[in-house]
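One letter stands for each residue in the lines below.
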Amino acid sequence: MRQLRRFLPVLQWLPYYKRNYLSGDLSAGFTIGVLLIPQGMAYALIAGLPPVYGLYASIVPQIIYAIFGTSRQLSVAPVAMDSLLVAAGVSVMATEGTDTYIAFAILLAFFMGLFQVVLGVFRMGFITNLLSKPVISGFTSAAALIIGLNQLKYLFGIELVKSNRVYEILWNTLVKVDETHWLTMAIGVGGILVIYGFKKLNKKIPGALLAVGIGIVLVYSLGLHQNGVDIVRTIPQGLPALKFPDFSLGQWSELIPLALTISVVAFMEAFSVAKALETKKKDYQVDANQELIGLGAANLIGSLFQSYPVTGGFSRSAVNLESGANTPLASVFSAAVVVITLLFLTPLFYYLPTAILASVIMVSIVNLVDLKYSIRLFKEDKVAFALLMVTFLVTITFSMVPGIISGVVLSILILLYHMAYPHIAVLGRIKGQNVFRNVKRFSDLEIWKDKLIMRVDAPVTFINIQYIKDYIIREVEGNPQIKQVIIDASAISHVDASAVQGIIELIRTLNEHKIQFLIAEVVGPVRDSMFKTRLMEEIGFENIYLTLNDALESEGRLAHRRRARAVQHND
């Protein structure tokens, strides 16, 4: 039963559902459902899809995630960043707006979901650690800029080719800015002011829906569509049919890497939001591996009902929490609102100006840019700030997939650099105490000219053993008085096979120079490795000590034993 509850988190909350949860879930579900109507259509435009596909993607994925997901307030539906990734990848495989393009987007959701489920089943939730906070921040800021600039075509009412490169968008806009349709621009700017104004006034007021309503009324009553204002026009009425993705499309070499990239990025986005929500509620725990399964199932099953890739959105989930959502049942109610809209209300959106959808997008992406974090990194950690900026610049210059890949690769290279050149501290003892500290950080320490006492602050592996060996040999050759090398191993958590061989070579080199090798403060896993290999034999039991003080006093005890044996021999 416990295993079943882990695989179906719905069994963790539904059997214990309380009546007083219902009002909060209903309120939040209605609020998010109302918010999703304009937002879903807007994000579908970003993805290069007809607006109705944003509504399709807001039904089944929400219900499936409510069953398999572990977060109780996460809202799983279309989001801006993933929509742009869809457009960036699918646009090279098919012409935007065509049936083939739509089929690729749905097939992409299928494979994205499949990858996420497989990763979850094999407990690969640790992949969240591959994307550091600076990489995520740089990537999302660049994505927000690309998304926002791509809305200028709708905001200005001009024809622009969609692009993932900022300089191309800016140049094309500059060339055609004199063709701006001022009436369209007025509607778009007005939409931004309405949405932003109500957002500041009260987050529970659906400013986006109000802007949609005002835009529809203005166009219909004044006939603005006859004056060049672009509108959504007919949205197909009815629910998405059960239909398998078209696997005959081919182009797997482009589709599979794109699906894998989006699956990781989407999971990172959703998991970070889910963890943030968890800290506010504190009555449940988010499980990374089950989240992969939940999001994967939402995308996989959603693709059978014509959904394109979805994930958890930050702003929408925050509104869900603030609106009183207690359980994932709020998402089911939200999906019901979208269902009612598709069944009965789609004719109302015929006169919706696309400029209003652009305004919905522009306001929603503001939260993706975190300037405060960038400024703080610049002051506190220049390397992390450089990582953020490289990710940002590569993304806006070469598009999103190269941006995220470069960020991950650079993060790994920085990690490998720190592992290859670990911090090594030469130690001295605080006078009158049995405490050892770095001689470069503390003054008035007790030190010994004939001893090199040092601490390696990292696992000792194939990547850094040569650096550590060279460091010790250099110190020994620079001070001929050294007769003992004493290693504080308290910060060494792991020693691999290459490191074992390297340490053996080091000990033999020191022995040739008549220098004793001692080690102290060895942790359990390292001690196990020493017993399993020849390292224990090479070091010798008599040269391994519980504490640094014991190692320091070893020479005195050894000399005492020698004198005692000499006395006995003379007797």
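Above this note sits the structure.
Residues numbered from 1 in each chain as written. Predicted model: local features only at pLDDT ≥ 70, side-chain atom pairs only at ≥ 80, totals over all residues. Heavy atoms only, no water.

## Quick word on the overall build of the protein chain
This is how the line gets drawn: Runs of E in the DSSP output that reach at least two residues are strands. Runs of H or I that reach at least four are helices, and both are numbered from the N terminus. Only the C-alpha atoms count toward the radius of gyration. The rule for a globule is 2.2 Å times the residue count to the power 0.38. Here a residue-residue contact requires only that any non-hydrogen atoms of the pair lie within 4.5 Å.
When you go through the protein chain residue by residue, the secondary structure sums to 25 helices and 9 strands. By the compact-globule yardstick of 25 Å for 571 residues, the protein chain is too spread out, its C-alpha radius of gyration being 31 Å. Oriented by its inertia axes, the alpha-carbon framework of the protein chain measures out at about 120 × 60 × 50 Å. Here the analysis covers contacts within the protein chain between residues at least 6 apart in sequence; of these, 80% occur between residues at least 24 apart.

## Looking at helix α16 (residues 329-345)
Our working rule: Here the expected span of a helix is defined as 1.5 Å times the quantity of residues minus one. Exposure classes here rest on a 1.4 Å probe applied to the protein chains alone. A residue is buried below 20% of its type maximum, exposed above 50%, and partly exposed in between.
Over its 17 residues, α16 extends 23 Å from the first C-alpha to the last, a length consistent with the 24 Å expected when each residue adds 1.5 Å. Taken as a whole, α16 has its buried residues at Leu329, Ala330, Ser331, Ser334, Ala335, Val337, Val338, Thr341 and Leu342. Here the buried face of α16 lies against α2 (10-13), α3 (22-46), α4 (52-56), α5 (60-68) and α15 (314-322).

## What to know about the nonpolar core
Selection rule: The criterion is simple. A nonpolar core is a set of buried Ala, Val, Leu, Ile, Met, Phe, Trp, Tyr and Cys residues joined through side-chain atoms within 4.5 Å.
Counting residues in hydrophobic clusters, the biggest one holds 119 residues, and the most contacted among them are Leu49, Tyr308 and Leu352. Element by element, the count of residues in this core is highest for helix α13 (residues 252-281), at 13 residues. Core analysis: the next-biggest nonpolar cluster, separate from the first, contains 32 residues, Ile468, Ile482, Met536 and Ile539 among them.

## So, the pairing of strand β8 (residues 516-520)
Worth spelling out the cut-off: At least two bridges found by DSSP between two strands are what make those strands a pair. We call a crossover right-handed when, viewed with the strands running away from us, the connection from the first strand over the helix to the second turns clockwise.
In terms of burial, β8 is largely enclosed, as 4 of its 5 residues are buried. Examined bridge by bridge, strand β7 (residues 484-488) and β8 share 5 bridges and lie parallel to one another. Counterpart to valine 485 in the pairing with β8 is phenylalanine 517. The parallel pair β7 and β8 is bridged by helix α22 (residues 497-512), and the resulting crossover is right-handed. Here β8 pairs with strand β9 (residues 544-545) via 2 bridges, running parallel. Following the sheet pairing, isoleucine 519 is matched in β9 by isoleucine 544.

## Here's the deal with the side chain of threonine 70
Defined as follows: Whenever two N or O atoms come within 3.5 Å, that pair is a polar contact, provided that in protein one can donate a hydrogen and the other can accept it, and provided that, for residues adjacent in sequence, both atoms are side-chain atoms.
Along the chain, the position of threonine 70 falls in the loop between α5 and β1 (76-77). Engagement of the side chain of threonine 70 in a polar contact is seen with the side chain of glutamate 291, the distance being 2.7 Å. Among residues more than four places away in sequence, those in contact with threonine 70 are Pro9, Tyr65, Tyr284, Gln285, Val286, Asp287, Gln290 and Glu291.

## Here's the deal with unusual backbone geometry
Where the residue is not glycine, phi is negative for most of them; where a peptide bond is considered, it is trans in most cases. The phi dihedral of glutamine 251 is positive, around 55°, even though this residue is not glycine. Mapped onto the fold, glutamine 251 is located in the loop between α12 (207-222) and α13. Residue class for glutamine 251 comes out partly exposed when judged on its relative accessible area of 31%. Residues other than glycine seldom take positive phi values, yet aspartate 444 does so here, at roughly 55°. For aspartate 444, the location among the structural elements is in the loop between β4 (436-438) and β5 (445-446).

## What about the packing of helix α6 (residues 80-90) against α13?
Rules: Axis definition: a line fitted to C-alpha atoms, over the contacting stretch in the case of helices. Angles run 0 to 180 degrees between N-to-C directions. Each angle receives one of four descriptions, namely roughly parallel if under 35 degrees, roughly antiparallel if over 145, roughly perpendicular if within 65 to 115, and oblique otherwise. Note that Gly is not counted as nonpolar here; it falls among the polar residues with everything else outside the nonpolar set of Ala, Val, Leu, Ile, Met, Phe, Trp, Tyr, Cys and Pro and the charged set of Asp, Glu, Lys and Arg.
Between α6 and α13, the shortest axis-to-axis distance is 10 Å and the interhelical angle comes to 170°. Classified by the angle between their axes, α6 and α13 sit roughly antiparallel to one another. Within the contact between the two elements, α6 uses Met81, Asp82, Leu85, Val86, Gly89 and Val90 and α13 uses Leu258, Ile262, Val265, Ala266 and Glu269. For the contact of α6 with α13, a count of residues per class yields 8 nonpolar, 1 polar and 2 charged.

## As for the environment of isoleucine 356
Following the sequence through the fold, isoleucine 356 ends up in helix α17 (residues 354-364). Given a relative accessible area of 3%, isoleucine 356 falls into the buried group. Taking the C-alpha atoms as reference points, isoleucine 356 and valine 189, 167 residues apart in sequence, are found 8.4 Å from one another. Contact partners of isoleucine 356, with chain neighbours within four places excluded, come to Ile187, Gly191, Ala211, Val212 and Gly215.

## Quick word on the pattern of salt bridges
Filter applied, for reference: The salt bridge criterion pairs a side-chain nitrogen of Lys or Arg with a carboxyl oxygen of Asp or Glu, the two atoms within 4 Å.
As enumerated under the stated definition, the model contains 6 salt bridges in all. Residues arginine 429 and glutamate 446 are paired through a salt bridge, measuring 3.3 Å at the closest nitrogen-oxygen approach. In this pair, arginine 429 is assigned in strand β3 (residues 424-430) and glutamate 446 in strand β5, connecting sequence segments 17 residues apart. Take arginine 429: its relative accessible area is 13%, and that puts it in the buried class. Among the salt bridges present, the one from glutamate 538 reaches arginine 508, with a minimum N-O distance of 2.7 Å. Here arginine 508 lies in helix α22 and glutamate 538 lies in helix α24 (residues 535-539), a separation of 30 residues in the sequence. Accessibility expressed as a relative area gives 22% for glutamate 538, which makes it partly exposed.

## Side note on helix α18 (residues 371-380)
Helical periodicity: at 3.6 residues per turn, an α-helix aligns residues three or four positions apart in one direction. The cut-off we apply is this: As used here, the arc belongs to the directions running from the helix axis to the C-beta atoms.
Among the residues of α18, those classed as buried are Tyr373, Ser374 and Leu377. Here the buried residues of α18 occupy an arc of 100° about the axis, which is enough to place them on one side. For α18, exposure combined with an orientation more than 90 degrees from the buried face picks out Leu371, Lys372 and Lys379. On its buried face, α18 is in contact with α8 (133-150) and α19 (382-398).

## Digging into the packing of α5 against helix α14 (residues 288-303)
Formally: By definition, any crossing whose near helix is turned counterclockwise from its far helix by less than a right angle is left-handed, and any crossing with a clockwise turn is right-handed.
Running from amino to carboxyl end, α5 crosses α14 at an angle of 150°, the nearest separation of the two axes being 8 Å. In this view, α5 runs roughly antiparallel relative to α14, as classed from their interaxial angle. The handedness of the crossing between α5 and α14 comes out as right-handed. Residues Val60, Pro61, Ile64, Tyr65 and Phe68 of α5 form the contact with α14, whose participating residues are Gln290, Glu291, Gly294, Leu295, Ala297, Ala298, Ile301 and Gly302. Within the contact of α5 with α14, the residues separate by chemical class into 9 nonpolar, 3 polar and 1 charged.

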